[in-house]
Amino acid sequence: MGNVSLLTFVSFVLPVVGQFIYLVSLEGGGPNDADDWLDKNLRRLTALVFLSTVTFTLALCISVWHKSSVKSILWTLFCLSLLVVVTNHGSTVQQHGAYNLLGFFFFFLPEIFIVSVMRCSFSFFRTRVFLRYKRVLLAVGVVLLLFFSYILLSSSSNWGDGLFARKMEPSYKACPISYPVISWDQIYESTIGKAYSYWAWRRCPAVPQFSTPSSNNTVTIDCPADRSASYTVLPLLEGRLGRFMGIYVQERTVVNKYNGPFPLETDAAIATCGADHNVHITCNRNPDVIERLTSPKNGHQHSPSPLAGAVPNIIFVFVDAVSRSAWHRKFSSTLAFLEGLKNSPNAEVFQFLRFHSIAHKTRDNSRAMFTGNIEDPFATIWELIDDKYVTGIVDNTCHEWSANYLFGRSSIADHRLNSLWCTPEYNGNGRMESYNLLRGPWSAQRRCIAGQLVHDLAFKYANLFLDAYKDQQKFLLLKFTEGHEPTGMIVGMLDDPLATFLSTLDFNTTALIMVSDHGLHMGPLFSFGLTSQLESLLPGWFMVLPKWWLGGTRSQILMENEQALVSPYNIFATVLEIAGFDIPTKVSTRSHFAQSVASHNLVANSCLSAGIPQHLCLCEVHPSTNLVPL
């Protein structure tokens, strides 16, 4: 009787304890140091969430299987405690509690499944069927155990795969990096992640097309008389500070009553009929840009033709938070397209299997990538080359990269599609704290504006930009945040659209740089998964370069550097070389780490010479462990 009473007491206490532990996990830093605080405390917070789920699981087991006259009270207490967990999103870090909640169910649901299987198994072991066929059933169990062990141990067999059946060599002399023993990321993506994708990848809600753009850049709305028609021309955002961009747009957005066709005066406008919205984007050719390019600072005119001394167009595709291995798992169509260029008479494809981040997050990686420096507000690539190139940026967040990461200095580009991503449907109230798991640029489901996928709108604008300046050199930065969410699955939605976009490019006149700044750096897998911590510092980097630009020497050097240790600094120098700049002149004042992979043999490179902090360096990780120094 005493044991029953003790068990009843424990079953009352456990939900309350689980609730308390979870609420502790919602703590965070102040508004000015929230990101850094989370970086330093991520493992502790994840451990608290995990401990909370274990406590709730034990409470649930007792509530279900314990025979007690107060079982209804136990169930009520359990449900109320769980309700507190589900509805509490915290307050000190921007929607940090929403990610805690995802982590909670990431642990809680498998725990419930495992406990249920164990319960059913114990019951089955006492049945006559088991006693009669126990040898056969035990043999089947051993076979299944061996099979799943094989699956686990073979999960990392293709972890080092690259293009053209080449692999990252683990024992490469300058920087040995051991393969993980088990690739938990791959197991998760092929099981739970794949099932989750069926829901998260569903189509955007259908919206009727009631407005039509014309050839003279005006839009006509055909709306029934019983519904109100209006339109909004979204403001230009050049020079506006990134974190306040959404507020700026929403405060200055004017809804105009529709009285007839309206002009597309900026890059984006929204037509409204009742509660439905249509998005219209354009990219108008700017005469001032043409004048600048025909009388450039250096006194030269440039043509996109592949002639001696010419420079190619540059398409820079930046996908946040995707490791090199994840590129191969999630971008099968895109990488198949690149492999299809193997025998192209016009271009060659290159990859860098030891591309190594210099930080776990975007700030320093992108600073090094776009400015060649992480400590000073130097000019960006697109500002350095604007005497040769029309520059365009598509960043599908309501933030301006340089205002956020370049010490508050806003960079200038000829065309920049930003305001569209600041609309309430995608950006909430204009503040970052309105982002959550289901809305905004870090959403863990498909992202839509007016019935269209956000990345489809980005590619549409990219094509408009390229068409507007067919006779000029173009630099286009396409920046996507689909990888920046805790499930790691939404980024796969980019694969087919990206492959389709690449198939429209002329690689006889175009250089492609396709890269990530780091791998997955959030969620339970990153917090406890050693493979994820390894992958977070090994993002993907691929390039397609015209053969006329390569010549014989550059092509050979690029192939030799395939296994070399490279970092974001190398991307900065390489893009400048593609754009026709003298690298020592442009780079020496910024960083001695920045060397072009097309003109420098980096076979003997090291973390020190590549600008990678020693505490993050993955080289010389002991083969017998799966640990990564953090």
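Colleague: What should I look at first to understand the pairing of strand β17 (residues 541-546) in this one?
Modeller: Note on strand geometry: in a regular strand, side chains alternate between the two faces of the sheet. When you tally the buried positions in β17, you get 6 out of 6 residues, the bulk of the element. Residues Trp541, Met543 and Leu545 of β17 are buried on one face, and the alternating residues Phe542, Val544 and Pro546, pointing to the opposite face, are buried as well. Pairing of strand β9 (residues 347-351) with β17 involves 5 bridges; the strand directions are antiparallel. Residue Gln351 lies in a different strand from β17, and its bridge partner there is Phe542.

Colleague: Before we go on, may I ask you to explain the nonpolar core in this structure?
Modeller: For soluble globular proteins, the rule of thumb is that nonpolar side chains tend to be buried together. The biggest cluster of nonpolar side chains holds 64 residues, and the ones touching the most others in it are Phe316, Phe475 and Trp541. Ranked by residues supplied to this core, first place goes to helix α22 (residues 568-578) with 7 residues. In contact with Phe316, other than residues within four places in its own chain, are Met369, Phe370, Phe475, Leu476, Leu477, Leu478, Ile513, Val515, Ile571 and Val575. Membership of the second largest hydrophobic core comes to 55 residues, among which are Leu417, Leu420, Ala462 and Met514.

Colleague: What am I meant to see in the sheet that holds strand β2 (residues 218-221) here?
Modeller: Strand pairing in a sheet relies on backbone hydrogen bonds, with the paired strands running either antiparallel or parallel. With respect to topology, 3 strands assemble into an open sheet ordered β1-β2-β5, the strand pairing being antiparallel. Two strands bound the open sheet, and with one partner strand each, they are β1 (211-213) and β5 (262-263). In this structure, β1 lies alongside β2, joined through 3 bridges in antiparallel fashion. Within β2, the position partnered with Ser211 by the bridge is Ile221.

Colleague: Got a minute to help me understand the environment of Gln452 in this structure?
Modeller: Tracing the backbone shows Gln452 in strand β14 (residues 452-453). Separated by 249 residues in sequence, Gln452 and Arg203 place their C-alpha atoms 8.7 Å apart. With residues up to four places along the chain from it excluded, the contact list for Gln452 reads Cys204, Val279, Arg447 and Leu457.

Colleague: What exactly am I supposed to notice about empty space enclosed by the protein here?
Modeller: Rolled over the atoms, a probe as big as a water molecule pinpoints where empty space is left. Under the defined criterion, the tally for this structure stands at 5 cavities of 30 Å³ or more. Forming the walls of the largest cavity are 16 residues, and the residues nearest its centre are Glu189, Ala326, Lys330, Gly488 and Leu520.

Colleague: Before we go on, may I ask you to explain the packing of aromatic side chains in this structure?
Modeller: Each aromatic ring pair is characterised by the separation of its centres together with the angle its planes make. Inspection of every chain in the model, using the stated rule, returns 22 aromatic pairs. Ring centres of Phe465 and Tyr469 lie 5.8 Å apart, and the angle between their planes is 50°; this geometry places the pair in the tilted category. What makes Phe465 buried here is its relative accessible area of 0%. Taken together through their ring pairs, the aromatic side chains of Tyr22, Phe56, Phe104, Phe105 and Phe108 make up a single cluster. It is Arg324 that lies over the ring of Trp159; its NZ or CZ is 5.1 Å from the centre.

Colleague: Sorry, what's going on with helix α18 (residues 495-503) here?
Modeller: An α-helical segment advances 3.6 residues per turn. Residues three or four places apart therefore align on the same side. Taken as a whole, α18 has its buried residues at Asp495, Leu498, Ala499, Phe501 and Leu502. Taken around the axis of α18, the buried residues stretch over an arc of 160°, which confines them to a single face. Lining the buried residues of α18 we find β8 (313-319), α11 (324-330), α12 (332-339), α17 (454-468), β15 (474-480) and β16 (510-515).

Colleague: Would you take a moment to explain the sheet that holds β16 for this structure?
Modeller: With mixed pairing, the 7 strands of this open sheet are ordered in space as β9-β17-β16-β8-β15-β11-β12. Each edge of the open sheet is held by one strand with a lone partner, namely β9 and β12 (415-417). Strand-to-strand, the axes of this sheet are offset by a mean angle of 10°, without reference to chain direction. As paired elements, β16 and β17 share 4 bridges and run antiparallel to each other. When the sheet's bridge partners are listed, Leu512 is paired in β17 with Val544.

Colleague: Even after reading the chapter, I still don't get the packing of helix α13 (residues 362-371) against α22, so can you show me in this structure?
Modeller: Helix packing geometry: the angle between the two helix axes and the distance between the axes. Following both chains from N to C, one finds α13 and α22 inclined at 20°, their axes separated by 6 Å at the closest point. On the basis of the axis angle, α13 is roughly parallel to α22. Once α13 is placed against α22, the crossing between them reads as right-handed. Contacts between α13 and α22 involve Asn365, Ala368, Met369, Phe370 and Thr371 from the former and Pro568, Tyr569, Ile571 and Phe572 from the latter.

Colleague: Help me understand the state of the cysteines in this model?
Modeller: Here is the idea: a disulfide is a covalent bond, and it sits between the sulfur atoms of two cysteines. For the structure shown, the criterion picks out 5 disulfides. Here Cys175 connects covalently by a disulfide to Cys619, the sulfurs 1.9 Å from one another. In this structure the cystine formed by Cys175 and Cys619 twists about its S-S bond by roughly -95°; its chirality is therefore left-handed. Placement of Cys175 in the loop between α6 (134-154) and α7 (184-190) and of Cys619 in the segment after α24 (607-610) is noted, with a sequence separation of 444 residues between them. With a relative accessible area of 13%, Cys619 lands in the buried category. The residue that forms a disulfide with Cys607 is Cys617, at a sulfur-sulfur distance of 2.0 Å. Around the S-S axis, the bridge from Cys607 to Cys617 shows a dihedral of about 75° and counts as right-handed. Here Cys607 is found in helix α24, whereas its partner Cys617 is found in the segment after α24, with 10 residues between them in sequence. For the pair shown, Cys607 and Cys617 are each scored as buried.

Procedures and definitions
Residues numbered from 1 in each chain as written. Predicted model: local features only at pLDDT ≥ 70, side-chain atom pairs only at ≥ 80, totals over all residues. Heavy atoms only, no water. Buried < 20%, exposed > 50% of the residue type's maximum accessible area, 1.4 Å probe, protein only. Helix = DSSP H or I, 4+ residues; strand = E, 2+ residues; numbered from the N terminus. Pairing = 2+ DSSP bridges. Core = buried A, V, L, I, M, F, W, Y, C linked by side-chain atoms within 4.5 Å. Contact = heavy atoms within 4.5 Å. 1 Å grid on protein atoms, 1.4 Å probe; cavity = no way out; pocket = protein on both sides within 12 Å on 5 of 7 lines; lining within 4 Å. Points joined across faces, edges and corners; volume = space filled by probe spheres on them. Phe/Tyr/Trp six-rings, centres within 6.5 Å; stacked < 30°, edge-to-face > 60°. Lys NZ or Arg CZ within 6 Å of the ring centre and 35° of its normal. Arc of directions from axis to C-beta. Axes fitted to C-alpha atoms, helices over the stretch in contact; angles between N-to-C directions. Parallel < 35°, antiparallel > 145°, perpendicular 65-115°, else oblique. Left-handed = near helix turned anticlockwise from the far one by under 90°. Disulfide = S-S within 2.5 Å.

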